[in-house]
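Working through the structure, step by step
Given next are the chains, with one letter for each unit.
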Amino acid sequence: MAKECPHLNQIQAVTAHTPQGCEECLAMGDSWVHLRLCLICGHVGCCDSSKNKHATKHFHTTNHPIIQSFQPGEDWRWCYVDEMMV
Ligand SMILES: [Zn+2]
Ligand SMILES: [Zn+2]
Ligand SMILES: [Zn+2]
């Protein structure tokens, strides 16, 4: 039986805090590879291919489970808790 993500109801109509890039990398003056948008609070963080992995760190800090790709033309979503596309 296919597993379902119980976290979808936590998704909010968020606006990206920092549409120009990763919030922490911008503050540090660092660079990133790809961007991920937290669908619970609007935090923008960098992906796991980036050296700082701020999107994953944001999940560990806040327990916000679901991110969406913030790359143009990409709209997939990922649940960190279930470790699957949602
Ligand atoms: Zn989930
Ligand atoms: Zn970053
Ligand atoms: Zn968040």
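For the structure, see preceding data.
Summary of the structure given here. (Residues numbered from 1 in each chain as written. Chains lettered and ligands numbered in written order. Predicted model: local features only at pLDDT ≥ 70, side-chain atom pairs only at ≥ 80, totals over all residues. Heavy atoms only, no water.)

Brief notes about the coordination of the zinc ion (ligand 2)
Applicable threshold: Sodium, potassium and calcium take a 3.2 Å donor cutoff, other metals 2.8 Å, and in both cases only N, O and S atoms count; water is not among them, so sites may look incomplete. Here the metal geometry follows the donor angles, with tetrahedral for four donors whose angles all fall between 85 and 135 degrees, square planar for four and octahedral for six when opposite donors are more than 155 degrees apart and every other angle is between 65 and 115, and irregular for all the rest. Numbering of helices and strands runs from the N terminus, with a helix taken as a DSSP run of H or I at least four residues long and a strand as a DSSP run of E at least two residues long.
In the first shell of the zinc ion (ligand 2), the protein supplies Cys22 (SG), Cys25 (SG), Cys46 (SG) and His54 (ND1), at 2.0 to 2.3 Å from the metal. Around the zinc ion (ligand 2) sit four donor atoms, and with donor-metal-donor angles ranging over 103 to 117° the site reads as tetrahedral. Spacing between the donor residues of the zinc ion (ligand 2) along their common chain follows C-x2-C-x20-C-x7-H. Residue Cys22 is found in the segment before helix H1 (23–28), and its partner Cys46 is found in strand S2 (residues 44–46); the two are separated by 24 residues along the sequence.

Focus: the packing of aromatic side chains
We apply this condition: Working definition: a ring pair exists when centres of Phe, Tyr or Trp rings (six-membered ring for Trp) sit within 6.5 Å. Plane angles under 30 degrees give stacked, over 60 give edge-to-face, the rest tilted. Classification of residues uses two cut-offs on accessible area relative to the type maximum, computed with a 1.4 Å probe and protein chains only: under 20% is buried, over 50% is exposed, and between them is partly exposed.
For the structure on display, the rule yields one aromatic pair. With 4.9 Å between their ring centres and 15° between their planes, Phe59 and Tyr80 make a pair best called stacked. With a gap of 21 residues between them, Phe59 in helix H2 (residues 54–62) and Tyr80 in the loop between strand S4 (77–79) and strand S5 (84–85) connect regions that are remote in the sequence. Taken as a pair, Phe59 and Tyr80 share a single burial class, namely buried.

Some details on the coordination of the zinc ion (ligand 3)
Every protein donor of the zinc ion (ligand 3) is listed here as Cys38 (SG), Cys41 (SG), His58 (NE2) and His64 (ND1), and their distances to the metal cover 2.0 to 2.3 Å. In the primary structure, the donors to the zinc ion (ligand 3) are separated according to the pattern C-x2-C-x16-H-x5-H. Taken together, the positions of Cys38 in strand S1 (residues 35–38) and His58 in helix H2 put the pair 20 residues apart, joining distant regions of the chain. Each member of the pair Cys38 and His58 is classed as buried.

A look at unusual backbone geometry
Of note in the backbone geometry, Asn63 takes a positive phi value of approximately 65° without being a glycine. Phi at Glu83 is positive, roughly 50°, even though this residue is not glycine. Its location among the elements puts Glu83 in the loop between S4 and S5. Looking at Glu83, the relative accessible area reads 59%, which means it is exposed.

Function cannot be read off these values alone, since they describe shape.
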